[in-house]
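Residues per chain are reported as follows:
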Amino acid sequence: MAGLCAAARAHELGLKPVVLEKGTRPGGSMLLSSCVVWRYRTFEDFRAECPGGDEELQRVIFDGFDEALEWLVSLGPKVVWEDTTNPRTTGKRFDPRSLTEVLVRAAGDVRLEERLRPELPLVLATGGFAVRYAREHGLLVRCNPWSEGDGLEFALERGATTAGDLDEFYGRAMPAPPARIGEEDYVRLSQLWDGEARFVNEDGDEFFERLPAWHESDLAQAVARQPGGTAWFIVSADFREDPRVVALREAGGTVVEEDGELRLHVAAAVTHTQGGIKIGPAARVHGVDGLFAAGADVGGISTGGYSSGLAAALVLGRIAAETALR
Ligand SMILES: Cc1cc2nc3c(=O)[nH]c(=O)nc-3n(C[C@H](O)[C@H](O)[C@H](O)COP(=O)(O)OP(=O)(O)OC[C@H]3O[C@@H](n4cnc5c(N)ncnc54)[C@H](O)[C@@H]3O)c2cc1C
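Computed from a predicted structure; not experimentally measured. (Residues numbered from 1 in each chain as written. Predicted model: local features only at pLDDT ≥ 70, side-chain atom pairs only at ≥ 80, totals over all residues. Heavy atoms only, no water.)

A.B. asks: What am I meant to see in the environment of arginine 97 here?
C.D. replies: Within the fold, arginine 97 resides in helix α4 (residues 96-107). Take arginine 97: its relative accessible area is 53%, and that puts it in the exposed class. Considering only alpha carbons, one finds arginine 97 and arginine 142, 45 residues apart in sequence, at a separation of 18 Å. (Helix = DSSP H or I, 4+ residues; strand = E, 2+ residues; numbered from the N terminus. Buried < 20%, exposed > 50% of the residue type's maximum accessible area, 1.4 Å probe, protein only.)

In structure tokens:
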């Protein structure tokens, strides 16, 4: 999303940007997402939810959000929800296909199956390194298949530094293999139990004895740290026909019923990494002239919690284009 937003804004400002997209289709993880673009209602909430993040960068995203969202709406994508359904947050939900089409049109020159090239000025927007991280840690991927850390590597080779925790990710517990999970099922198959489950690892030990945070990414990271990166979620057998259980079964996942309880076999899945390239408030890569970064390539926005990845992509993508023009 960040690359398309940067290009759309650059185009609007009279530049002739080129989007080099490694994948076979545009839209990255945005196209697979629930597409809720949001911010916390207050900046204090943002700080409290993501206490380890770079405060200056958080301020930039928070303050730039409303205008950036208005701009996005003005491009004409289909809006599905006029606001979020979460009382902590405000924003809009878009139809991801429509949003992708609108942004591609606004961006102008989008070239598929082309990798980033060392021509400056350049906005790095490769979506972080979830795929590489998942591979290295034996976890499931829950994002586009092309975000392997190319932007981070490119920046580091040119003297950039990192921000945030490179070991922190935003993710979900998903049905464990042998379940088959197509990318169109990433939202539907997420195992979000909102306080209804207990969590036991393969050794039978309870490993997460508090309530998960509202986004449950803390739980997904805890599952990732268990043997095999898998766990069992234990819920009442009354949930036998619950859509989450039915979906898990239909995908070929494992559900065991015993003693009035259901045991659901899950595995940690990585949606995006939270550590990444260090940038300043104008989206310049720290220490490298002519290089900018936006979206999940940027580290240190949500450290210690979770905030909207789509919002970071939208706001920082636009700012990168504006700074590049200056
Ligand atoms: C199932 C799911 C649900 C989600 N729901 C939400 C939600 O409701 N709200 C929210 O805020 N966030 C959500 N997210 C997260 C959100 O999609 C990401 O945070 C966001 O897309 C990040 O934007 P980005 O531009 O950094 O990365 P992406 O949108 O993934 O775009 C990165 C692009 O870079 C391309 N690329 C990678 N390497 C190269 C290279 N070397 N050269 C050229 N191109 C390259 C990729 O192919 C990709 O198209 C969800 C994600 C998923 C998967």
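A.B. asks: What exactly am I supposed to notice about the side chain of lysine 92 here?
C.D. replies: Of note, lysine 92 is situated in strand β4 (residues 89-94). Engagement of the side chain of lysine 92 in a polar contact is seen with the side chain of glutamate 82, the distance being 2.9 Å. Sequence-distant contacts of lysine 92, that is, excluding residues within four places in its chain, are made with Cys35, Val36, Val37, Leu69, Val73, Val79, Trp81 and Glu82. (Polar contact = N/O pair within 3.5 Å; in protein donor to acceptor, adjacent residues only side chain to side chain. Contact = heavy atoms within 4.5 Å.)

A.B. asks: How should the packing of aromatic side chains be read in this particular structure?
C.D. replies: For any pair of aromatic rings, geometry is given as the distance between the ring centres together with the angle between the planes. On inspection of all chains with the given rule, the structure shows 15 aromatic pairs. Measuring from centroid to centroid gives 6.4 Å for tyrosine 40 and tryptophan 214, while their planes differ by 85°, and the two rings are edge-to-face. In this pair, tyrosine 40 is assigned in strand β2 (residues 36-40) and tryptophan 214 in the loop between β10 (198-200) and α7 (217-224), connecting sequence segments 174 residues apart. When its relative accessible area of 1% is taken as the criterion, tyrosine 40 is described as buried. Judged by relative accessible area, tryptophan 214 falls into the partly exposed class, the value being 28%. With a centroid separation of 6.2 Å and an interplanar angle of 75°, the aromatic rings of phenylalanine 43 and phenylalanine 46 are classed as edge-to-face. With phenylalanine 43 and phenylalanine 46 both in helix α2 (residues 43-49) and three residues apart, the pair spans about one turn of that helix. Accessibility expressed as a relative area gives 4% for phenylalanine 46, which makes it buried. (Phe/Tyr/Trp six-rings, centres within 6.5 Å; stacked < 30°, edge-to-face > 60°.)

A.B. asks: Sorry if this is basic, but what is going on with the pattern of salt bridges here?
C.D. replies: Pairing between side chains becomes possible if they bear opposite charge and their charged atoms approach one another. Under the definition given, this model contains 25 salt bridges. Among the salt bridges present, the one from arginine 47 reaches glutamate 55, with a minimum N-O distance of 3.8 Å. Among the residues examined, arginine 47 registers a relative accessible area of 22% and is labelled partly exposed. Here arginine 210 ties to aspartate 218 by a salt bridge, and the two come within 3.8 Å at their closest N and O atoms. Overall, the relative accessible area of 53% leaves arginine 210 in the exposed class. Here the salt bridges do not stand alone but share partners, grouping Arg9, Glu12, Glu67, Arg318 and Glu322 into one network. (Salt bridge = Lys/Arg side-chain N within 4 Å of Asp/Glu carboxyl O.)

A.B. asks: Is there a simple way to think about the sheet that holds β4 in this case?
C.D. replies: Sheet strands associate in pairs through backbone hydrogen bonding, adopting either a parallel or an antiparallel arrangement. Strand order in this open sheet of three strands is β2-β4-β3, and the pairing throughout is antiparallel. Looking at the sheet topology across the chains shown, the edges are occupied by β2 and β3 (79-81). Pairwise comparison of adjacent strand axes, ignoring direction, gives a mean angle of 30° for this sheet. Note: β2 against β4, five bridges, orientation antiparallel. Bridge pairing in β4 places valine 37 opposite lysine 92. (Pairing = 2+ DSSP bridges. Axes fitted to C-alpha atoms, helices over the stretch in contact; angles between N-to-C directions.)

A.B. asks: Teacher, can you tell me more about a nonpolar patch on the surface here?
C.D. replies: Taken together, the side chains of Leu13, Leu15 and Leu325 define a hydrophobic patch exposed on the protein surface, amounting to about 200 Å² of accessible area. Looking at the secondary structure, you find leucine 325 in helix α9 (residues 309-325). (Patch = residues over 30% accessible without salt bridge, like charges linked within 9 Å, V, L, I, M, F, W, Y side chains within 5 Å. Areas by Shrake-Rupley, 256 points an atom, 1.4 Å probe, with all protein chains shown as cover.)

A.B. asks: Explain the packing of helix α3 (residues 55-74) against α9 to me, please; I cannot follow it from the model alone.
C.D. replies: The axes of two packed helices give the description: the angle between them and the distance between them. Where α3 contacts α9, the axes come no closer than 9 Å and their chain directions differ by 85°. In terms of orientation, α3 and α9 fall into the roughly perpendicular class. For the pair α3 and α9, the contacting residues are Val60, Ile61, Gly64, Phe65, Glu67, Ala68, Leu69, Trp71 and Leu72 in the first and Ala311, Ala312, Leu314, Val315, Leu316, Arg318 and Ile319 in the second. The residue inventory of the contact of α3 with α9, partitioned by class, reads 13 nonpolar, one polar and two charged. (Parallel < 35°, antiparallel > 145°, perpendicular 65-115°, else oblique. Nonpolar A, V, L, I, M, F, W, Y, C, P; charged D, E, K, R; others polar.)

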